[in-house]
Amino acid sequence: MNTRKNKGGRREDVPYTSKVSRQSSSRRRRRLARRIVLAVIVVLILAAFALFLWGIFGRVEVGSDDVSRDPSGTAPQTSGSSTTTGSSSTTTGGSADTTPPTSTTSTTTAPTVPDPVSAKTYLQPSGAAWNLILVNDYNAVPDGYEQNTTMEWVSGGQMDTRAADAYRQMLADGAAYDIRGVSLFRPQSLQESLFSREVEKWKGQGYDQEAAEQKANTIVKRPGYSEHNTGLAADVGGSGNYSLNQDFENTDAYRWLIEHCADYGFILRFPKDKEEITGVIFEPWHYRYVGVEAAQEIMSRGLCLEEYLYEKGL
C-alpha cells in the first residue's frame, strides 16, 4: 500500500490503481529488456576483443630465428639495431636478442635419416671447416662448439669473431640501404628452453612426447639444430623493413645483398626454390657466412648450402 498526505497533514492509505500497477510492470519489463541488451553488447564486445587478440598473437609462421612470428610483420625484440663494436668474449649466457624463459629440459631426438642419402639428408663428415659447418634437421652443431667459439658484438647481437669483420664491412658498404642485424647468435641453452616450452604446450593438448616434439619442431628448431646456434648466421633488414617477412624480397636492400653478399663470404641460406632440400621456407632476410670462395660459387650457381656440401663431399 502507498500513502500520501491529505490537506490536513494526516497520512491516509491509498491503494494502487490497476493503471499504476500496469505502468510499474511496464517499466520493470523495459528495465529488464535494457539490462539484457546491455549484457549482450558486453558479451559481443568481449568476443570481438578476444578475436582481435587471437588475430594478433594466434597466427604464426616459422622464420629462421626458429621462433614463431606474427606474419603481420612485427619484428622481434633486439638489443639494438646499430653496429656495436666490443671486445671479444667467450659466450657464457643469454642471447643477444632474447631472454630465455624458465623451463624444464625435454628429451629430444633427431629425425631419422632416410635412404638413399641426398643433398637434403646429407650427413656431414666430422672435422668440417668451421665456416662450412652444416646445421639443419639432420646435422647438429658439433659437441663443444659453443664453448670453444668466441663471439663478439655486432649489429643485431653476437657473431663468431672469425666472421664479424666481414659482416661489419658488408653492412658498412650497404649503408645506403640502412642494412642492420635483427637476430644473430642464440645459445643452445635458450634454444632448449624455447623448444621445451613448445613441447609442453603440445603435450598439454594431448600429444605424447614424440608427437609433441614433432609438432614443436614446426615452430621452434630442436636445440642444437638451429643455424643461430653457430654464430655464423644473421637475420637482417634494410630499406626500412626489419620485420623478417618475405616482403623483404621487394626492397632495394635485399637486391643489393643478393648481388653483393658473396663478396663478403655470405650466402642467402634459404633460397626460394630450395625449400624441399633445406626444409625451411624462403627467407630473404637470413644470411650465412661460409667464406668468400664458397659463397661466390654457391650464389653464382644458384645452389643451397646442402647441395654444395653434398656435391663436394665436405
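Bear in mind that the values here come from a model prediction, so they are computed numbers and not experimental data.

What about the nonpolar core?
(1) Moving on: Counting 33 residues, the largest nonpolar core has Met-159, Tyr-167, Met-170, Leu-257, Phe-266 and Tyr-287 as its most contacted members.
(2) Moving on: Ignoring any residue separated from it by four or fewer positions in sequence, one finds Met-159 in contact with Thr-150, Met-151, Glu-152, Val-154, Ala-164, Tyr-167, Leu-184, Gly-231, Ala-233, Ala-234 and Phe-266.
(3) Moving on: Ranked by size, the runner-up nonpolar core spans 13 residues in total, among them Leu-132, Leu-134, Val-290 and Leu-303.

Structural notes on a positive patch on the surface
(1) Moving on: A surface patch of like charges, here positive, comprises Arg-27, Arg-28, Arg-29, Arg-30, Arg-31, Arg-34 and Arg-35.
(2) Moving on: Relative to the assigned elements, Arg-29 resides in helix H1 (residues 18-57).

Considering unusual backbone geometry
(1) Moving on: Despite not being glycine, Asp-178 shows a phi value in the positive range, around 50 degrees.
(2) Moving on: The topology assignment puts Asp-178 in the loop between helix H2 (161-173) and strand E8 (180-183).
(3) Moving on: Note on Asp-178: relative accessible area 32%, which makes it partly exposed.

Thoughts on a nonpolar patch on the surface
(1) Moving on: On the surface, a nonpolar cluster with roughly 380 Å² of combined accessible area is contributed by Leu-32, Ile-36, Val-40 and Leu-44.
(2) Moving on: Classification of Ile-36 by relative accessible area gives partly exposed; the value is 49%.

Side note on the pattern of salt bridges
(1) Moving on: Counting across every chain of the model gives 17 salt bridges.
(2) Moving on: Across the pair Glu-213 and Arg-222 runs a salt bridge, and its minimum N-O distance is 3.3 Å.
(3) Moving on: Looking at Glu-213, the relative accessible area reads 3%, which means it is buried.
(4) Moving on: Across the pair Arg-269 and Glu-227 runs a salt bridge whose closest N-O atoms are separated by 2.8 Å. Remark: Glu-227 occurs in the loop between helix H4 (209-217) and strand E9 (233-237) and Arg-269 occurs in the loop between strand E10 (266-268) and helix H6 (275-278); sequence separation between them is 42 residues.
(5) Moving on: One connected set of salt bridges, linked through shared partners, spans Glu-227, Arg-269, Arg-288 and Glu-306.

Conventions we followed
- Residues numbered from 1 in each chain as written.
- Predicted model: local features only at pLDDT ≥ 70, side-chain atom pairs only at ≥ 80, totals over all residues.
- Heavy atoms only, no water.
- Core = buried A, V, L, I, M, F, W, Y, C linked by side-chain atoms within 4.5 Å.
- Buried < 20%, exposed > 50% of the residue type's maximum accessible area, 1.4 Å probe, protein only.
- Contact = heavy atoms within 4.5 Å.
- Patch = residues over 30% accessible without salt bridge, like charges linked within 9 Å, V, L, I, M, F, W, Y side chains within 5 Å.
- Areas by Shrake-Rupley, 256 points an atom, 1.4 Å probe, with all protein chains shown as cover.
- Salt bridge = Lys/Arg side-chain N within 4 Å of Asp/Glu carboxyl O.
- Lys, Arg positive; Asp, Glu negative; His and termini not counted.
- Charge placed at Lys NZ, Arg CZ, Asp CG, Glu CD.
- Helix = DSSP H or I, 4+ residues; strand = E, 2+ residues; numbered from the N terminus.

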